[in-house]
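What the coordinates show
Take a look at the letters that make up each chain.
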Amino acid sequence: MSEELHDLRVTVNGATHDIRVPARRLLSDALRHDLGLTGTHVGCEHGVCGACTILVDGAPTRACLMFAVSAQGAEITTVEGLTNADGSLGPVQQAFAECHGLQCGFCTPGFLTTITAGLRDNPRPTHEEARDMVAGNLCRCTGYQNIVKAVERAAEIQANA
Amino acid sequence: MKPAPFDYRRPETVAEAVAALAGEPNAKVLAGGQSLVPLLSMRLAAPAMLVDINAIPGLDTIAVESDDRDGGVRVGALARHSAVLASDDVRRVQPLVTMALSHVAHATIRNRGTTVGSLVHADAAAEMPVVLTLLGGSVDVEGPGGRRTIPASELYVGPLESSVGHDEVAVSAYFPGLAPGAGVAFEEIARRHGDYALVGAAALVDGETVRVGYLSVSDVPAVVDLTGVADADLGEAALAQLEPLDDIHATADYRAQLVRVLTGRVVRSARQHAQREGAQ
Ligand SMILES: Cc1cc2nc3c(=O)[nH]c(=O)nc-3n(C[C@H](O)[C@H](O)[C@H](O)COP(=O)(O)OP(=O)(O)OC[C@H]3O[C@@H](n4cnc5c(N)ncnc54)[C@H](O)[C@@H]3O)c2cc1C
Ligand code: FES
Ligand code: FES
């Protein structure tokens, strides 16, 4: 049995892509395999770890819990889309580097996208709110303290920009 | 960890969705996918067809039905948990929905998961089925025979099993409003914030009437009537009407202990809520 393929148009980090995928292609796999955007990491593949978190029409979403076909017409931002226009690190990325917010880096893309959207909606989070912002993402290395610091530092960088 | 192949339909009307379901006995509705996609990826389910309802316009509404008898709120099938949680109308008309939703998963899951999907998925560990049952709400479904309303009391038939037919699409859910002078509260104990609860409890206090609904205690949402029970006896009175389950997450004894603790706590906090509401 040959699987039916579906034509799909998505905008990823501002660029429009037309791809053909079987219906069962997870969005995380479409990004990594069909579009070569391997910045989106895949950990648990059932929604728990948050490594695959991307922004779909601005909202943090698990890429492993969406089929690519369901993203028809959507505007997607992946970690590759978080750098500044000149290619330098975006504010959240910069803060992670400064605060040592990563060790192995496996979880990092999901944190960066989640925090980018979180600070857009709440640019001056309290310490509690900064912790809450990352509550849905798992990190096996850092112990989270430096990630929370990075949230607060990113807010500072954005406020001073 | 990849789903088995399936046919995919993306209808633009409810009627088309119903027709697609009617044509394939092994088809499933895809709403937010936050429960269904993991089941497919783990191959615990392998439907022949998915009917994706996300392209149907007009299903994402959240509307107060002020002309209705109990002035509640109707939530459409594509209203995401996050939108329902953020709705001021929902908070004002039936604050229990807002209280419980803040315990449903994490914000990222709530951005995609739907409240109606959670009601239909019928997980006894989920918050919203208990809320709908306690409040006496309902779900409207559309099938080949037209539209019907399923009261919450007839919705949950077994573990992960609702009475929505395989060829029916749930189009909305109705949560009755909070009566003047009544109070509600929600409490749960989970290993980590955002996890499914080991036990959760929702209370509704209206005059003398005290009712409490439990999640993760039995394999369907369980509601007990505690009217007239002295405060000190609430936990034992609830347990007399419940049979806590054993599973990998907790023993029956531990669940019984959580029922004792949470029942008193949630009833107290619903009474306080009623007083605050009454004072306004
Ligand atoms: C990591 C994680 C943690 C979670 N934690 C919690 C939690 O603590 N509490 C909780 O309650 N939930 C939790 N969830 C589940 C989440 O709330 C889901 O959003 C919800 O259970 C299902 O809604 P959905 O729209 O995603 O439905 P889907 O996954 O699309 O569908 C679920 C089922 O319902 C059926 N269905 C859905 N909508 C309709 C409809 N309109 N008509 C007919 N059938 C329909 C589908 O066919 C399927 O069988 C969690 C999920 C994840 C991934
Ligand atoms: S890979 Fe998607 S949440 Fe873990
Ligand atoms: S840095 Fe290694 S998992 Fe987070």
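Our structure's up above, just so we're on the same page.
Calculation criteria
- Residues numbered from 1 in each chain as written.
- Chains lettered and ligands numbered in written order.
- Predicted model: local features only at pLDDT ≥ 70, side-chain atom pairs only at ≥ 80, totals over all residues.
- Heavy atoms only, no water.
- Helix = DSSP H or I, 4+ residues; strand = E, 2+ residues; numbered from the N terminus.
- Rg over C-alpha atoms; globule rule 2.2 N^0.38 Å.
- Buried < 20%, exposed > 50% of the residue type's maximum accessible area, 1.4 Å probe, protein only.
- Contact = heavy atoms within 4.5 Å.
- Areas by Shrake-Rupley, 256 points an atom, 1.4 Å probe, with all protein chains shown as cover.
- Lys, Arg positive; Asp, Glu negative; His and termini not counted.
- Charge placed at Lys NZ, Arg CZ, Asp CG, Glu CD.
- Pairing = 2+ DSSP bridges.
- Axes fitted to C-alpha atoms, helices over the stretch in contact; angles between N-to-C directions.

So, the overall build of chain B
- Scanning chain B from terminus to terminus reveals 10 helices and 14 strands.
- The C-alpha radius of gyration computed for chain B amounts to 19 Å, which stays within 12% of the reference 19 Å derived for 280 residues, consistent with globular compactness.
- Taking the principal axes of its C-alpha atoms as reference, chain B extends roughly 55 × 45 × 35 Å.
- Across the 280 residues of chain B, 54% fall into the buried class.
- Of the contacts made within chain B by residues no fewer than 6 positions apart, 62% connect residues no fewer than 24 positions apart.
- Here chain B displays about 11,900 Å² of accessible surface, and carbon together with sulfur accounts for 49% of that area.
- Once the 23 positive and 35 negative side-chain charges of chain B are each reduced to a mean point, those two points are 6 Å apart.

So, the sheet that holds strand β4 (residues 59-62) of chain A
Residue and element names in this part refer to chain A.
- Across the sheet, which stays open at both edges, the 5 strands sit in the order β2-β1-β5-β3-β4 with mixed pairing between neighbours. What marks the edges here is a single partner per strand, and that holds for β2 (15-22) and β4. Here the average twist between neighbouring strands, direction ignored, is 40 degrees.
- With 2 bridges joining them, strand β3 (residues 53-56) and strand β5 (residues 75-77) adopt antiparallel strand pairing. The residue of β5 that forms the bridge with Val 56 is Ile 76.
- Of the strands in this sheet, β3, β4 and β5 touch helix α3 (residues 108-121), which is tilted by about 35 degrees from β3.

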